[in-house]
Amino acid sequence: MEDVASYYANVEPSYYLLKETLRRTPREEILQIIRQKVIVSDLDSVLLRDATEFLRLSILNLLASKFLMSGSFLAWGEVTNYYGAFYSINCLLRLKGFALVHIDYVDEKVLRVQIERIKDKHEYKLHQWKKGNPHQFLWKKFSHFYPELCSPGLGEILIQQRIRWNYDLFFPSQSMSDYAKEEAKIRWENNFLDPNFGNYANPDAAEYYADLMAQIGYHEAGLGDYIQQCIHAFTTIAGKSKYKTWYLSYFEELARGIEDFGSHPDTIREIQNWLRSSIVNLQTR
């Protein structure tokens, strides 16, 4: 993350989001920029702002997924967990200067624009994105930019799991079964974000909880890992940024704000610990 931190050292997060910034430009004008291969600048601050909001949404979806399990809504809890991961990868892609944006205009077709930073420059190229599955495309890009966080086939596995819980009647229709209710209960009652989860001296207990993590808990734990990667990225950026106080306020607002949402107290506490650890880290630099 050091390269990203240096890149954003003098960039102040915008008040505006990327989509609303682009939407102010007429559709034909954006198409002309694409056709003429015009290099675009002044997108750093809006990409940075987008990234902070994607982290916010990722955290909220993790809390929502956990809360849904408390009501035995296994299928929708699984779907919500997927979107938490999808938001987190978009956070990290934005930090690399990569985005896929759907710009909707009144009485005009939606324009899909791929935005990619020119290496080592504060400039961008725009391309019209016409076909394909945007989720598959973004997961593939994520594995390219962050191979240490995502193998090439992981995104497709997660997408297919989400599709099954979303649209394959066989999976969500089981949600009222005793088995599904029990699985949702296990997901609710166990804190899979705990770094010491399953660390028991008793070998039988350790084996049981290791199996539980491998069979059920890996979705929650995996999303937690992605969220921590996002927090770490912003902490690293803030450590070099002239706008460090902005990031401190952002972390503090997130830590306070998630208290207003229903979820498992342990889940909220774990996330708050991640955020407050970053706050302390930055305050002592």
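Described below are features of the structure shown in this document. (Residues numbered from 1 in each chain as written. Predicted model: local features only at pLDDT ≥ 70, side-chain atom pairs only at ≥ 80, totals over all residues. Heavy atoms only, no water.)

**Focus on the packing of helix H4 (residues 44-70) against helix H11 (residues 265-283)**
Helices that pack against each other are described as a pair by the angle of their axes relative to one another and the distance between those axes. Between H4 and H11, the least distance of the axes is 10 Å, while the angle of their chain directions is 160 degrees. As summarised for this structure, H4 and H11 are arranged roughly antiparallel, according to the angle between their axes. With respect to the hand of their crossing, H4 and H11 are arranged in right-handed fashion. Across from Ile59, Leu62, Leu63 and Lys66 in H4, the residues of H11 making contact are Thr267, Ile268 and Ile271. A per-class count over the contact of H4 with H11 returns five nonpolar, one polar and one charged. (Axes fitted to C-alpha atoms, helices over the stretch in contact; angles between N-to-C directions. Helix = DSSP H or I, 4+ residues; strand = E, 2+ residues; numbered from the N terminus. Parallel < 35°, antiparallel > 145°, perpendicular 65-115°, else oblique. Left-handed = near helix turned anticlockwise from the far one by under 90°. Contact = heavy atoms within 4.5 Å. Nonpolar A, V, L, I, M, F, W, Y, C, P; charged D, E, K, R; others polar.)

**Overview of the environment of Glu78**
Along the chain, the position of Glu78 falls in helix H5 (residues 74-95). Glu78 gets classed as buried once you look at its relative accessible area, which sits at 7%. Between the C-alpha atom of Glu78 and that of Asn166, which follows or precedes it by 88 residues, the distance is 8.9 Å. Setting aside anything within four residues of it in sequence, one finds Glu78 in contact with Met69, Trp165, Arg187 and His219. (Buried < 20%, exposed > 50% of the residue type's maximum accessible area, 1.4 Å probe, protein only.)

**Some points on empty space enclosed by the protein**
Going through the model one piece at a time under the given rule, you end up with one cavity of 30 Å³ or more. Considering the residues around the largest cavity, the lining is formed by 13 residues, among which Ser65, Met69, Asn81, Arg187 and Glu220 are closest to the centre. Mapped onto the lining of the largest cavity, the elements with two or more residues apiece are H4, H5 and helix H9 (203-240). Here the lining of the largest cavity is built from residues that sort into four nonpolar, five polar and four charged. (1 Å grid on protein atoms, 1.4 Å probe; cavity = no way out; pocket = protein on both sides within 12 Å on 5 of 7 lines; lining within 4 Å. Points joined across faces, edges and corners; volume = space filled by probe spheres on them.)

**Description of the side chain of Thr235**
Here Thr235 is to be found in helix H9. Thr235 gets classed as buried once you look at its relative accessible area, which sits at 4%. A polar side-chain atom of Thr235 sits 2.8 Å from a polar atom in the side chain of Ser278. With near-sequence residues (within four places) excluded, Thr235 lies in contact with Phe251, Ser278, Asn281, Leu282 and Arg285. (Polar contact = N/O pair within 3.5 Å; in protein donor to acceptor, adjacent residues only side chain to side chain.)

**With respect to the pattern of salt bridges**
Within the structure shown, the criterion is met by twelve salt bridges. In this structure, Glu53 engages Arg56 in a salt bridge whose closest nitrogen and oxygen atoms are separated by 2.9 Å. Here Arg56 and Glu53 lie together in helix H4, a separation of three residues that amounts to about one turn. By relative accessible area, Glu53 is classed as buried at 19%. (Salt bridge = Lys/Arg side-chain N within 4 Å of Asp/Glu carboxyl O.)

**What to know about the pairing of strand S3 (residues 124-128)**
Pairing geometry for strand S2 (residues 111-117) and S3, over five bridges, is antiparallel. For Glu116, the partnering residue across the bridge sits in S3 and is Lys125. (Pairing = 2+ DSSP bridges.)

**Describing helix H6 (residues 134-145)**
One turn of the α-helix equals 3.6 residues, which is why residues spaced by three or four share an orientation. The terminal C-alpha atoms of H6 lie 16 Å apart, and with twelve residues this matches the ideal 16 Å at 1.5 Å per residue to within 8%. Among the residues making up H6, those that are buried are Pro134, His135, Phe137, Leu138, Trp139, Lys141, Phe142 and Ser143. Each element contacted by the buried residues of H6 is listed here: H5, strand S1 (98-103), S2, helix H7 (154-167) and H9. Capping the start of H6, Asn133 holds a side-chain oxygen 2.8 Å from the backbone nitrogen of His135, two or three residues further along. (Expected span 1.5 Å × (residues − 1).)

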